Amino acid sequence: QVQLVESGGGLVQAGGSLRLSCAASGRTFSSYAMAWFRQAPGKEREFVAAITWRGGSTYYADSVQGRFTISRDNAKNTVSLTMNSLKPEDTAVYFCADKIAPGVLTTWYDYWGQGTQVTVSS
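Keep in mind it's a predicted model, so treat the numbers as computed, not measured.

Enquirer: Break down the side chain of E6 for me, citing the residues and quoting the values.
Expert: Mapped onto the secondary structure, E6 falls in strand β1 (residues 2–7). Of the side chains with opposite charge, R45 comes closest to the buried, unpaired E6, at an N-O distance of 8.0 Å. A polar side-chain atom of E6 sits 3.1 Å from the main-chain amide nitrogen of Q114. Within polar-contact distance, the side chain of E6 engages the backbone nitrogen of G115 at 2.9 Å. For E6, the residues in contact, after removing those within four places along its chain, are S21, C22, W36, Y94, F95, C96, G113, Q114, G115 and T116.

So this is what it looks like as structure tokens:
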């Protein structure tokens, strides 16, 4: 089992920045990748960004490319999401997720955190 705990959400004005963190514990040595997803009210959960644990390869949704950066600290088993130039449409609950098996980075994640709220005011 892998446990994930997000932190760092909050309220920020448009154009501002936030940094989310996800602390992973448990059988993390067997994980392939970590990712961030988000879900806005009335919408489906969507992929935001992902990073592989070993090679550090990253992948971003088009909507956040160039504004968000995902990073990892293997020693601390944490993954962070630095969000710059935030827009009101970035408002959502952000979830981190863990993927055990290699494969497509945008889907099929095995473990999920509880989520952290990000609100961007206009």
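That shown, we press on.
Enquirer: Account for the packing of aromatic side chains, with residues named and values stated.
Expert: Aromatic ring pairs are defined here through the distance separating the ring centres and the angle between the ring planes. Overall, the coordinates contain 5 aromatic pairs when judged by the stated rule. Judged by centre distance (5.8 Å) and plane angle (35°), the ring pair of F47 and Y59 falls under tilted. Here F47, found in strand β5 (residues 46–52), pairs with Y59, found in strand β6 (residues 58–60); they are 12 residues apart in sequence, far enough to count as distant. Here F47 falls in the buried class, since its relative accessible area comes to 12%. An aromatic cluster is built from F37, F47, Y59, Y109 and W112, whose rings are joined through pairwise contacts. Directly above the ring of F95 sits R45, whose terminal nitrogen or CZ lies 4.0 Å from the centroid. The residue whose ring lies beneath K99 is Y109, and the NZ or CZ to ring-centre distance is 5.2 Å.

Procedures and definitions
- Residues numbered from 1 in each chain as written.
- Predicted model: local features only at pLDDT ≥ 70, side-chain atom pairs only at ≥ 80, totals over all residues.
- Heavy atoms only, no water.
- Helix = DSSP H or I, 4+ residues; strand = E, 2+ residues; numbered from the N terminus.
- Buried < 20%, exposed > 50% of the residue type's maximum accessible area, 1.4 Å probe, protein only.
- Lys, Arg positive; Asp, Glu negative; His and termini not counted.
- Salt bridge = Lys/Arg side-chain N within 4 Å of Asp/Glu carboxyl O.
- Polar contact = N/O pair within 3.5 Å; in protein donor to acceptor, adjacent residues only side chain to side chain.
- Contact = heavy atoms within 4.5 Å.
- Phe/Tyr/Trp six-rings, centres within 6.5 Å; stacked < 30°, edge-to-face > 60°.
- Lys NZ or Arg CZ within 6 Å of the ring centre and 35° of its normal.

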